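In case you want the letters, here they are:
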Amino acid sequence: MLDMEDQGVTDATLALHNDIRAAGLPVAVTLQAYLKRSANDMNSLISSGATVRLVKGAFAAGADVAYTTRREVKSNSRNLIDLMFSKDAKATGFKPIIATHDDELQHYASQRAKEQGWVKGVEYEFEMLLGVHSELAELQASNGERVRLYTPFGSDWWPHAMRRIGENPANGMLLARSLVSG
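Residues numbered from 1 in each chain as written. Predicted model: local features only at pLDDT ≥ 70, side-chain atom pairs only at ≥ 80, totals over all residues. Heavy atoms only, no water.

**Considerations on the overall build of the chain**
Quick note on the threshold: The helix count covers DSSP runs of H or I at least four residues long, the strand count covers runs of E at least two residues long, and both are numbered beginning at the N terminus. Residue exposure (1.4 Å probe, protein chains only): buried if accessible area is under 20% of the type maximum, exposed if over 50%, otherwise partly exposed. It only takes one pair of heavy atoms within 4.5 Å for two residues to be counted as in contact. The Shrake-Rupley method, run with a 1.4 Å probe sphere, supplies the accessible areas, and residue values consider only the shown protein chains as cover.
What the chain contains, in helices and strands, is eight helices and five strands. Its helices and strands taken in sequence order, the chain reads α-β-α-β-α-α-β-α-β-α-β-α-α from the N to the C terminus. By the burial criterion, 40% of the 182 residues in the chain qualify as buried. Long-range contacts, defined as pairs at least 24 residues apart, comprise 63% of the intrachain contacts of the chain with a sequence gap of at least 6. Working note: accessible area of the chain is about 9,800 Å², and carbon and sulfur atoms make up 54% of it.

**A look at the environment of Y108**
Counting through the fold element by element, Y108 comes out in helix α5 (residues 103-116). Residue Y108 is classed as partly exposed on the basis of its relative accessible area, which comes to 24%. Between the C-alpha atom of Y108 and that of D82, which follows or precedes it by 26 residues, the distance is 9.2 Å. Not counting residues up to four positions away in its chain, the partners in contact with Y108 are R78, I81 and D82.

**What to know about the pattern of salt bridges**
Selection rule: Each salt bridge in this description consists of a side-chain nitrogen of Lys or Arg and a carboxyl oxygen of Asp or Glu lying within 4 Å of one another.
Taken as a whole and assessed by the stated rule, the structure comprises 12 salt bridges. The closest approach of N and O atoms between D3 and R53, which form a salt bridge, is 3.2 Å. Of this pair, D3 sits in the segment before α1 (10-22) while R53 sits in strand β2 (residues 51-55), and the two are 50 residues apart along the sequence. For R53, a relative accessible area of 10% gives the class buried. Between E125 and K95 there is a salt bridge; the shortest N-O distance is 3.3 Å.

**Describing the pairing of β2**
Residues in a regular strand project their side chains so that they alternate between the two faces of the sheet. As a reminder of what qualifies: Paired strands, in this sense, are two strands between which DSSP finds at least two bridges.
With four of five residues buried, β2 lies mostly within the body of the structure. Inspection of the sheet shows strand β1 (residues 29-32) paired to β2 by four bridges, in the parallel sense. Residue pairing across strands places V29 opposite V52, the latter belonging to β2. Pairing analysis gives four bridges linking β2 to strand β3 (residues 95-99), with the strands arranged parallel. When the bridges of β3 are listed, V52 appears paired with P96.

**Some words on the nonpolar core**
Heads up, the condition is: Residue types Ala, Val, Leu, Ile, Met, Phe, Trp, Tyr and Cys, when buried and joined through side-chain atoms within 4.5 Å, form a set referred to as a nonpolar core.
Core analysis: the largest hydrophobic core is formed by 30 residues, its most contacted members being M42, V52, F85 and F94. Those elements that place two or more of their residues in this core are β1, α2 (38-47), β2, α3 (70-84) and α5. Every residue in contact with M42, bar those within four places of it in the chain, is listed here: L31, V52, L54, L80, L83, M84 and F94.

Pasting the structure below:
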């Protein structure tokens, strides 16, 4: 899974993804709902049958390239989810991954998947950060959804953690608890 950093490296990241796929290697890529270009990128990736993880995005960018309010980003998330669970996406072998702790967006994605005939627990998945909204992850799993939990580690975990706090200040409490208990 290729993560996506700020919008300045989007083209390079997508080019790397395409090169890896062209070499016949398994690869997936992340798109960010806060970027206005993501619908075009999503359509291109859908037509090629890629695997895409959708996130809201945690970087600041100007209104010329990004949606700048939570409402706009959430609305674009729904639009991108509609594309991800379309009949066209299913026909190409596209694999949607919805990476959010937002229960409304998760519910929306589950409904779209059901309406479009996607097989729960097989043809798409949800991704969440380990320890954030654990009850939501457990609920999704108990409803038959595939849920992947991830956690950053290694020497460069701090910038990742700061971006997660920037996205949602409540994540700061999770980080503080993990540092104290770890």
